[in-house]
Amino acid sequence: MHVTDDIQKPLANTRVEKDSLGQVELPSSVLYGINTYRSLENFSLSGRPITTWPEFIYAFATIKQAAARANGEIGDLTAEQADAIYAACEEIKLGKHNAHLVVDMLEGSGGTSTNMNMNEVIANIVAKRSGRALSDYSFIHPNDHVNLGQSTNDVVPTAMKLAVYHAMAEALLTLRQLADAFSTKREEYSSLLRLGRTCLQDAQPMTLGQAFGGYEAAVRRHADQLDTIRRQFLTVPLGGTAIGTGFGSSPGYKAAVFRHMSLLFDAKIQPSNNAFDGMQNMDTCARLSGELRNTANTLWKIANDLIILSSGPSGGINEVTLPSVQAGSSIMPGKVNPVIPIAVCQVAFAIAGNDTAVAMGCQQGMLEINHFELLVCDRLLDSIRLLAGAAGTFSRRCIEGITANEDVSRKHLRASSALATALVPTLGYAQTSTIVRAALAEKRPFLDVVVEKGLLTEDEIMSAIELSVHQDNISTQRKK
């Protein structure tokens, strides 16, 4: 491809398009046009074309279909034109023309290059299907017909929001599957006593099931929060055209396009309550990004817990064994590392970085629009994909296969003065404190000292611990 200042006969296997900056020769094989070509010259940045995110392309093409149907309904397009645009978009939604959707996700035109890439490809698909030459826009023009009633400024944020809405379905599914995996472990180890720790020091007795139950509750809470925010992405600024006034669209278009969008997406899609707010502000995106980061941080915390609890096997805590999914060392035979929890931690780091970029992009909107929407879209979809992948892998490759080392857990608990708390109601605080100090001084298990003094039998001590550990359940049953 090359630019020429004067209109010349195109080279073999090329075609000519021109704009106010001059004319270019495009390969006859490509479905995009001059606007897309300009972006390829200007924005060779991330190496990620807009087809990196299939949900984005699908949403974009569906919006163009809804607009065509709406414009046909109100008489701004003929039925033949509306049907031709619709059919071309169907092919795009199936991924048939991804090779021609080539604009970089970090293009700096505020989304214009992306919108025009889509418009040009749709127009040229129609031209090709109708027997016309590529770049013959006499029947369907990228601006006059495909983009009718629209602006980059309302189409791009709408496509982004609907793409995010659909991408979130997978993340929510895998998070709830992860919570279910923790639930299974909660039930499996509901009676296995272990040593609870605070500040990495011995604290109080608890069950391993209670620990898994805490993880389950946290993941379910995050999934519910994300689901609540996700629904807000069905409110979009389409119909506002360039700045929120709707200027450039015909009467009846906005109501028709939202009706058709809701049918095509099989979801109730609503216009922004205030069109100018909808065009200017992206706080919903920042809110979702923040909760994605919060969720990833919780998975990070859980992953770290499992790294600690599985440490060893000889020199660490070794109270749980994680599934062995691959060799851990190229030099140390037999070594197995907690690779899945480590991968989850890395995902959390990446999502935290994405959230910073999203926060900056959302804050930097100027006057009537935010021209950093594609950055926000790229980073949000990346965080969603990362979170969905991490939650699914964590569940399938780690949590479902965890086994408890029951003898080790009982040994740690029996040797710890953490048992003392459970005996305070029976022996009193002062006497229990005296026994703890004696056990520490003699470097003997607290339980052995209590039994030796004839204060309680080991069975009585364990019964008191069981009662203490399950106190919440007992209280709940009494309330019922």
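Please read all numbers here as calculations on a predicted model, not as lab measurements. (Residues numbered from 1 in each chain as written. Predicted model: local features only at pLDDT ≥ 70, side-chain atom pairs only at ≥ 80, totals over all residues. Heavy atoms only, no water.)

Chemist: Now, about the overall build of the protein: what can you tell me, with residues and values included?
Modeler: Along the backbone of the protein there are 18 helices and 9 strands. Taken over the C-alpha trace, the protein has a radius of gyration of 31 Å; the compact-globule value for 480 residues is 23 Å, which it surpasses by more than 25%. Projected onto its principal axes, the C-alpha positions of the protein cover 105 × 55 × 35 Å. Taking all 480 residues of the protein together, 51% fall into the buried category. The contacts of the protein with a sequence gap of at least 6 include a subset with a gap of at least 24, amounting to 72%. Counting every atom, the protein has about 22,100 Å² of accessible surface; 52% of that belongs to carbon and sulfur. Measuring between centres, the 43 positive side-chain charges of the protein sit 4 Å from its 49 negative side-chain charges. (Helix = DSSP H or I, 4+ residues; strand = E, 2+ residues; numbered from the N terminus. Rg over C-alpha atoms; globule rule 2.2 N^0.38 Å. Buried < 20%, exposed > 50% of the residue type's maximum accessible area, 1.4 Å probe, protein only. Contact = heavy atoms within 4.5 Å. Areas by Shrake-Rupley, 256 points an atom, 1.4 Å probe, with all protein chains shown as cover. Lys, Arg positive; Asp, Glu negative; His and termini not counted. Charge placed at Lys NZ, Arg CZ, Asp CG, Glu CD.)

Chemist: Explain the nonpolar core to me, using residue names and the numbers behind them.
Modeler: Within the largest apolar cluster, 113 residues are counted, with the highest numbers of intra-cluster contacts made by Phe56, Met261, Leu288 and Phe394. Among the domains, domain 1 (14–148) and domain 2 (154–236 + 277–404) are the pair contributing at least three residues each to this core. The contact partners of Leu288, leaving out residues within four places of it in the chain, are Val164, Met168, Leu226, Ile229, Phe233, Leu380 and Ile384. Leu193, Ala422, Ile465 and Val469 belong to the second-largest nonpolar core, a separate cluster that totals 21 residues. (Core = buried A, V, L, I, M, F, W, Y, C linked by side-chain atoms within 4.5 Å. Domains from an automatic or database assignment.)

Chemist: Go over the packing of helix H7 (residues 208–231) against helix H10 (residues 283–309), please, and point to the residues and values.
Modeler: As a packed pair, H7 and H10 sit with axes 10 Å apart at the nearest point and diverge in direction by 170°. By the angle between their axes, H7 is roughly antiparallel relative to H10. As H7 runs across H10, the sense of the crossing is left-handed. Note on element contacts: H10 touches H7 through Thr284, Arg287, Leu288, Glu291, Leu292, Asn294, Thr295, Thr298, Leu299, Lys301, Ile302 and Asp305, opposite Tyr215, Ala218, Val219, His222, Gln225, Leu226 and Ile229. Looking at side-chain class alone, the contact of H7 with H10 contains 9 nonpolar, 6 polar and 4 charged residues. (Axes fitted to C-alpha atoms, helices over the stretch in contact; angles between N-to-C directions. Parallel < 35°, antiparallel > 145°, perpendicular 65-115°, else oblique. Left-handed = near helix turned anticlockwise from the far one by under 90°. Nonpolar A, V, L, I, M, F, W, Y, C, P; charged D, E, K, R; others polar.)

Chemist: Lay out the UniProt feature "domain: Fumarase C C-terminal" (unreviewed entry) in the protein with the relevant residues and their values.
Modeler: UniProt feature "domain: Fumarase C C-terminal" (unreviewed entry): in the numbering of this structure it lies at residues 419–464. Taken end to end, residues 419–464 has its terminal C-alpha atoms 9 Å apart, with 78% of it in helix and 0% in strand. (UniProt positions renumbered as here; feature names shortened; annotations may be inferred.)

Chemist: How would you sum up the domain arrangement of the protein? Please name residues and give values.
Modeler: Entries for the protein in the domain assignment read domain 1 (14–148), domain 2 (154–236 + 277–404) and domain 3 (417–473). The C-alpha-based centres of domain 2 and domain 3 are spaced at 38 Å. In this assembly, 11 residues from domain 2 lie in contact with 8 residues from domain 3. For the pair domain 2 and domain 3, the summed buried area comes to about 710 Å², and 67% of that belongs to carbon and sulfur atoms. For the domain 2 face of the interface with domain 3, the top three residues by lost area are Leu193, Pro205 and Gln210, together amounting to 59%. At the surface where domain 2 touches domain 3, the tally comes to 0 salt bridges. Counting across the domain 2 and domain 3 interface gives 0 residue pairs in polar contact (both at pLDDT 80 or more). Those elements that provide at least two residues to the side of domain 2 that touches domain 3 are strand S4 (193–198) and strand S5 (201–207). Per-element accounting of the side of domain 2 that touches domain 3 gives the leading share, 6 residues, to S5. Here the side of domain 2 that touches domain 3 is built from residues that sort into 5 nonpolar, 5 polar and 1 charged. (Buried area = accessible area lost by both parts, 1.4 Å probe. Salt bridge = Lys/Arg side-chain N within 4 Å of Asp/Glu carboxyl O. Polar contact = N/O pair within 3.5 Å; in protein donor to acceptor, adjacent residues only side chain to side chain.)

Chemist: Pulling in residues and values, what's your account of helix H17 (residues 458–469)?
Modeler: Between its terminal C-alpha atoms H17 stretches 16 Å, which fits the 16 Å expected from 12 residues at 1.5 Å a residue. Among the residues of H17, those classed as buried are Ile461, Ala464, Ile465 and Val469. All buried residues of H17 project into a common sector of 130° when viewed along the axis, lining one side. (Expected span 1.5 Å × (residues − 1). Arc of directions from axis to C-beta.)

Chemist: I'd love a proper account of the packing of helix H6 (residues 152–188) against H7, names of residues and values included.
Modeler: Packing of H6 against H7 brings their axes to within 8 Å, and their N-to-C directions diverge by 165°. The angle between H6 and H7 falls in the class roughly antiparallel. In the packing of H6 onto H7, the handedness of the crossing is left-handed. Considering only residue class, the contact of H6 with H7 consists of 13 nonpolar, 3 polar and 10 charged.

Chemist: Can you lay out the environment of Glu41 for me, pointing to particular residues and giving the numbers?
Modeler: Tracing the sequence through the fold places Glu41 in helix H1 (residues 34–42). Residues Glu41 and His145, spaced 104 residues apart in sequence, show a C-alpha to C-alpha distance of 26 Å. Within the structure, Glu41 has its side chain in polar contact with the side chain of Tyr37 (distance 2.9 Å).

Chemist: Pulling in residues and values, what's your account of the confidence of the model for the protein?
Modeler: In this model, the protein carries an average pLDDT of 90, and 95% of its residues clear a pLDDT of 70 or more. Low pLDDT, under 50, characterises residues 1–8; the stretch is placed with 23 contacts to residues that sit more than four places away or in other chains. (pLDDT = per-residue confidence, 0-100.)

Chemist: Hey, could you go over the packing of aromatic side chains for me, with residue numbers and the actual values?
Modeler: Think of a pair of aromatic rings as described by two things: how far the centres are apart, and how the planes are tilted against each other in angle. Summed over the entire model, instances satisfying the criterion amount to 7 aromatic pairs. Clustering of aromatic rings is evident, with ring pairs tying together Phe182, Tyr189, Phe212, Tyr215 and Phe394. Between Arg69 and the ring centre of Tyr86, over which it is positioned, the NZ or CZ distance is 4.0 Å. Residue placement shows Arg230 over the ring face of Tyr165; its charged tip is 3.8 Å from the ring centre. (Phe/Tyr/Trp six-rings, centres within 6.5 Å; stacked < 30°, edge-to-face > 60°. Lys NZ or Arg CZ within 6 Å of the ring centre and 35° of its normal.)

Chemist: Which residues make up unusual backbone geometry, and what values do they have?
Modeler: Going from Gly312 to Pro313, the amide bond is cis rather than trans, its omega being 5°. Inspection of the secondary structure assignment puts Pro313 in the loop between H10 and strand S8 (320–321). The phi torsion at Thr241 lies on the positive side, around 50°, for a residue other than glycine. Tracing the backbone through its elements, the reader meets Thr241 in the loop between strand S6 (235–236) and helix H8 (253–265). Positive phi outside glycine occurs at Lys443, with the angle close to 55°. By the element assignment, Lys443 lies in the loop between helix H15 (429–442) and helix H16 (446–452).

Chemist: Any details on the state of the cysteines? Residues and values, ideally.
Modeler: Applying the stated criterion across every chain yields a total of 0 disulfides. Left without a disulfide partner, Cys89 is nearest to the cysteine sulfur of Cys377, which lies 18 Å away. Between Cys285, a cysteine without a disulfide, and Cys362, which holds the nearest cysteine sulfur, the sulfur-to-sulfur distance is 5.3 Å. (Disulfide = S-S within 2.5 Å.)

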